[in-house]
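# Coordinate inspection notes
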Amino acid sequence: MDLVEVIPDRLHMLRFAIGQAYLWQDGGALTLIDAGWAGAADDIEKAIRSLGLEPGRLERIVLTHCHRDHVGSAGELAARWGARVLAHRLDAPVVRGEQPVPEPVLLDWEVPLYAHGLTTPEAPATRVDRELEDGEVLDFGGGAVVVHAPGHTPGSIGVHLPAHGVLFTGDCVAGVGQVMLGVFNVDRAGAIASFGRLAALAPSVACFGHGDPWTEDTAKVLHEAALAAAAA
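Summarised in this report is the structure supplied together with it. (Residues numbered from 1 in each chain as written. Predicted model: local features only at pLDDT ≥ 70, side-chain atom pairs only at ≥ 80, totals over all residues. Heavy atoms only, no water.)

With that out of the way, let us pick up the nonpolar core. Leu32, Ile44, Ile61, Leu63 and Leu77 are the most contacted members of the largest nonpolar core, which totals 28 residues. Elements with a minimum of two residues in this core: β3 (20-26), β4 (29-33), α1 (41-50), β5 (58-62), α3 (74-81), β6 (84-88) and α4 (92-95). Counting residues per element, this core draws most heavily on α1, at 4 residues. Met13, Leu86, Ile157 and Val205 belong to the second-largest nonpolar core, a separate cluster that totals 20 residues. (Core = buried A, V, L, I, M, F, W, Y, C linked by side-chain atoms within 4.5 Å. Buried < 20%, exposed > 50% of the residue type's maximum accessible area, 1.4 Å probe, protein only. Helix = DSSP H or I, 4+ residues; strand = E, 2+ residues; numbered from the N terminus.)

Structural data, given as structure tokens:
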């Protein structure tokens, strides 16, 4: 796992072989956006300590959606450090293991990529301490706004920090080489509409579930990519 600074003393990316998570700092208080693979808890803890921070200050883990590369270590980290796990109401039953992971409608070129993604360990059933709804404001980052962004999964969300110009897109948007619509969607039309909604927030920094964060001309790049996705 690689630890990448995005905003000094505020935001770091935890990059795994497939997918990534983000660590947000409010002084000593910590928030994880997604939690990486099952079995990654030790590496995440080491990364937090390497920044001179205490894992015991981890207050919450916000899951952008229910897929295994985002949920995997959430339960273990929460059990170790007392963090609360948050997920959208529509994906929470999947996270808890009460419902199956929704199957995506794959384009032909997505089929081998999807098979590769399934090589990551399956996420264990994980408790959800708070079920989220669109428009809720969470107590970190100067007020983190939950943005329901269905399409990748029914309960996918973005997390917007207006006070800092930061947007976490989950897998609705990807930044692999270029900004683009994320892959493996259960509802492609819905995902395209969600992309447009996220782009309209005009952030300065966009943090994706896959691909490096975008920090230059971000609002323009997101807007143009959302238009391109809608026109495809």
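Still more ground to cover, so stick around.
What follows concerns unusual backbone geometry. Although it is not a glycine, Ala202 adopts a positive phi angle of roughly 50°. Structurally, the position occupied by Ala202 is in the loop between α6 (188-199) and β14 (205-208). Using a relative accessible area of 45% as the deciding quantity, one classes Ala202 as partly exposed. Here Asp217, not a glycine, exhibits a phi torsion of approximately 50°, which is positive. Residue placement: Asp217 occurs in the loop between β14 and α7 (218-231). When its relative accessible area of 61% is taken as the criterion, Asp217 is described as exposed.

This part is about the pairing of β4. The buried count for β4 comes to 5 of 5 residues, which makes it a mostly enclosed element. Residues Ala29, Thr31 and Ile33 of β4 are buried on one face, and the alternating residues Leu30 and Leu32, pointing to the opposite face, are buried as well. Pairing of β3 with β4 involves 5 bridges; the strand directions are antiparallel. When the sheet's bridge partners are listed, Trp24 is paired in β4 with Thr31. Between β3 and β4, which pair antiparallel in sequence order, lie 2 residues; one of them, Gly27, sits at a positive phi of approximately 65°. With 4 bridges connecting them, β4 and β5 associate as parallel partners. Within the sheet, the bridge partner assigned to Thr31 lies in β5 and is Arg60. Each parallel crossover has a hand, and the one from β4 via α1 to β5 is right-handed. (Pairing = 2+ DSSP bridges. Right-handed = clockwise from strand over helix to strand, strands pointing away.)

A word on the packing of aromatic side chains. Inspection of every chain in the model, using the stated rule, returns 2 aromatic pairs. Plain terms: the ring middles of Tyr114 and Phe184 are 5.2 Å apart, the flat faces sit at 70° to each other, and that makes the pair edge-to-face. A residue pair is termed long-range when its members are at least 10 positions apart, and Tyr114 in helix α5 (residues 111-117) and Phe184 in the loop between β13 (180-181) and α6 qualify at 70 residues. By relative accessible area, Tyr114 is classed as buried at 19%. Accessibility expressed as a relative area gives 15% for Phe184, which makes it buried. (Phe/Tyr/Trp six-rings, centres within 6.5 Å; stacked < 30°, edge-to-face > 60°.)

In this section: the sheet that holds β3. In space, the 7 strands of this open sheet follow the order β1-β2-β3-β4-β5-β6-β7, with mixed pairing throughout. A strand with exactly one partner marks an edge of an open sheet, and here the two such strands are β1 (2-7) and β7 (130-132). Averaged over neighbouring strand pairs, the angle between their axes works out to 25° when direction is ignored. Its contacts with the sheet put α3 on β4, β5 and β6, and the angle it makes with β5 is roughly 160°. (Axes fitted to C-alpha atoms, helices over the stretch in contact; angles between N-to-C directions. Contact = heavy atoms within 4.5 Å.)

Helix length check: α6, at 12 residues, gives a terminal C-alpha distance of 16 Å against a target of 16 Å (1.5 Å per residue), a fit within 8%. Looking only at α6, the buried set comprises Gly190, Ala191, Ile192, Ser194, Phe195, Leu198 and Ala199. In the core, the buried residues of α6 are packed alongside β9 (144-148), β10 (157-161), β11 (166-170), β12 (173-174), β13 and α7. (Expected span 1.5 Å × (residues − 1).)

As a further point, take the sheet that holds strand β8 (residues 137-138). Reading across the sheet, the 5 strands line up as β8-β9-β10-β11-β14 and stay open at both edges, with mixed pairing between neighbours. The sheet is open, and its two edges are formed by β8 and β14, each paired on a single side. Two strands pair when backbone bridges link them, and β8 and β9 are joined in this way by 2 bridges, in the antiparallel orientation. In the sheet register, Val137 faces β9, and the bridge partner there is Val145. α6 contacts β9, β10 and β11 of the sheet and is inclined by roughly 155° relative to β9.

The values are spatial; any link to function lies outside them.
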